[in-house]
Amino acid sequence: MPGEEVDAVVVGMGPGGEDVAGRLATAGLNVVGVDNLLLGGECPYYACIPTKMMVRGAEVLAEARRVPRLAGDARVSPDWTPVADRIRDEATTDWDDRAAVERFEGTGGRFVRGFGRVTSPGEVTVSTSAGEHVFRARRALVLNPGTEPAVPPIEGLSGTPFWTNREAVRTRTLPSSLVVLGCGPVGMEFAQVFARFGVATTAVESSPRLLPGAEPEASASITEVFTGEGITVRTGTSATRVHHDGNRFTLELDSGETLTAEQLLVTTGRHADLAALGVGNLGLREDAETIDVDGRMRAAEGTWAVGDVTGHGAFTHTSIYQARIAAADVLGSGEETADYRAEPAVTFTDPEVASVGMSESRARAQGLPVRTAVAAIPSSPRGWIHKAGNDGLIKVVADTERDIPVGATVVAPLGGEVLGALAVAVHTQVHLAQLRRMILAYPTFHRTIETVLDQLAE
Ligand SMILES: Cc1cc2nc3c(=O)[nH]c(=O)nc-3n(C[C@H](O)[C@H](O)[C@H](O)COP(=O)(O)OP(=O)(O)OC[C@H]3O[C@@H](n4cnc5c(N)ncnc54)[C@H](O)[C@@H]3O)c2cc1C
Ligand SMILES: NC(=O)c1ccc[n+]([C@@H]2O[C@H](COP(=O)([O-])OP(=O)(O)OC[C@H]3O[C@@H](n4cnc5c(N)ncnc54)[C@H](O)[C@@H]3O)[C@@H](O)[C@H]2O)c1
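The sections below set out a description of the structure shown in this document. (Residues numbered from 1 in each chain as written. Chains lettered and ligands numbered in written order. Predicted model: local features only at pLDDT ≥ 70, side-chain atom pairs only at ≥ 80, totals over all residues. Heavy atoms only, no water.)

The next thing to look at is the site of ligand 2. Close to ligand 2 lie 22 residues; Val186, Glu205, Ser238, Ala314 and Val346 are nearest. Between Pro185 and ligand 2, the recorded distance is 3.3 Å, taken from a backbone N or O atom to an oxygen atom. Glu189 has a polar side-chain atom sitting 3.1 Å from a nitrogen atom of ligand 2. When the free accessible area of ligand 2 is taken as 850 Å², the share hidden by the protein chains comes to 75%. Broken down by secondary-structure element, the contributors of at least two residues to the shell around ligand 2 are helix H8 (185-196), strand S9 (200-205) and strand S18 (344-347). In terms of residue count, the dominant contributor to the shell around ligand 2 is H8 (three residues). Per-class residue counts for the shell around ligand 2 are 10 nonpolar, nine polar and three charged. (Near = heavy atom within 4 Å. Polar contact = N/O pair within 3.5 Å; in protein donor to acceptor, adjacent residues only side chain to side chain. Areas by Shrake-Rupley, 256 points an atom, 1.4 Å probe, with all protein chains shown as cover. Helix = DSSP H or I, 4+ residues; strand = E, 2+ residues; numbered from the N terminus. Nonpolar A, V, L, I, M, F, W, Y, C, P; charged D, E, K, R; others polar.)

Dropping the structure here:
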């Protein structure tokens, strides 16, 4: 098929793809950005931004409910409409990406809406509503396909009107009851939001604890908050069968319990379809879950990959970080290679569960000489003053030989902000002795870091 030669083709315009494409176009390259859905990807339309608007709504409800313990009386009547309106009008412009397309075109790039398939090295065949179009990339093919919700093979599930994150973000009405299946970051954020808006919520997680990727202390702390807020928690179990009778879902759990709810939200992880993307035509494995990249995001000759598909943590900040490195490599203008030692992660529950660097178990598995310390937020001066909603802790994982922090977890109000100080410390490998000499403002949440550092020195 005759094709069109361009400098670069970016397949998938999630946060990373959009960033690379914009950088290359700004540098004067002839760039085609391809996305079958919306320019911007999952984050602005179905993930980070709309879910954080939900979280914000839920958070003000929770604060208002704390008024009787601290400041008088308040009656709280949750209403989903302002949240749904904000998501439709402010976050997603009714799931319309015109502004993003104009922004990209403003850099000199060209956007093609369609599904891109790699048909040979450097060549992408795009299926659009107007037919197929072939592009050949002279300098760079960049892959940023992101991920789709993964749906587990549970008997009866497929064909039922269950939600994934996409339906949950688009909903304008709330069910009276909800089962959240899968309690990683996505499930946790949704479960607490919907529960705080009055939905009778059950959180089901197959691992022995909620948020299994977090430190065990963090899981324990957030589980206590969830149960305290009336969320029913079931861990170490999953559904063996799902049934929908036209009105309600019934889930049979392998523990023998049966759950019923008006809605089911499946948040059991994500999946990338590399066969559909055609990466076999680059000599890459199509049955893999991720595309292996080197420190400059090179995946194959003339091909770079960025974002969730690289398997280096599924976060918008990582996708954009990788995009900067990939673009510099394509342009031959950068020496930077990716360094994930201080990659941060924040799950926006209340309290937020934030982490950076290595968990204790990972540091031990790597054979590091490890020492850890944990301090509780409620017994810190700020936590004690804060009172209602003061749950949480700070944990630091130290490499005793190098005397540096290699990982940290913060569970606290605005824990993601508190994490900042520890993220800098892990990133710069500052000595613990040096950190102990810092003056930390009194009475802040981050001052609890001092208590942890003192314990590490004992
Ligand atoms: C509910 C939820 C909440 C989240 N909250 C946060 C958060 O608070 N903070 C955070 O950092 N991360 C969060 N994440 C993760 C975040 O959304 C992703 O890490 C982020 O979107 C980066 O993904 P990406 O760049 O790999 O591409 P994506 O955003 O996944 O976009 C990829 C794009 O490529 C398109 N595409 C795929 N294949 C093709 C093809 N063959 N041809 C054409 N187009 C294609 C897709 O349609 C999509 O538009 C959240 C995720 C979810 C699900
Ligand atoms: N705030 C953020 O930065 C943020 C928010 C959401 C998601 N993300 C990222 O997006 C990615 C996807 O998150 P996610 O939560 O969808 O996936 P995940 O893989 O992190 O969590 C899925 C959870 O579902 C459980 N599970 C799997 N199958 C199950 C089953 N059949 N029954 C019950 N439980 C089951 C798993 O044990 C796991 O805990 C993650 O890498 C996450 O870090 C980031």
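This brings us to the pairing of strand S4 (residues 115-120). Here five bridges tie S4 to strand S5 (residues 123-128), and the two strands are oriented antiparallel to one another. Counted as the bridge partner of Val118 is Val124 from S5. Here S4 hands over to S5 after two residues, with Gly122 in that stretch at a positive phi of 80°. (Pairing = 2+ DSSP bridges.)

Running from N to C, helix H3 (residues 48-65) and H8 point in directions that differ by 45°, and their axes come no closer than 9 Å. What the angle tells us is that H3 and H8 run oblique. In this structure, H3 meets H8 at a crossing whose hand is left-handed. Residues Thr51, Lys52, Met54, Val55, Ala58, Glu59, Leu61, Ala62 and Arg65 of H3 form the contact with H8, whose own contacting residues are Glu189, Phe190, Val193, Phe194 and Arg196. Taken together, the residues of the contact of H3 with H8 sort by class into eight nonpolar, one polar and five charged. (Axes fitted to C-alpha atoms, helices over the stretch in contact; angles between N-to-C directions. Parallel < 35°, antiparallel > 145°, perpendicular 65-115°, else oblique. Left-handed = near helix turned anticlockwise from the far one by under 90°. Contact = heavy atoms within 4.5 Å.)

Turning next to the sheet that holds strand S20 (residues 370-376). With antiparallel pairing, the five strands of this open sheet are ordered in space as S18-S19-S22-S21-S20. The open sheet has two free edges, formed respectively by S18 and S20, since each of these has just one partner strand. Strand-to-strand twist of the sheet, defined as the mean angle between neighbouring strand axes without regard to direction, takes the value 10°. Looking at chain direction, S20 and strand S21 (residues 393-399) are connected through seven bridges and run antiparallel.

Keep in mind that these numbers describe shape and distance, not what the molecule does.
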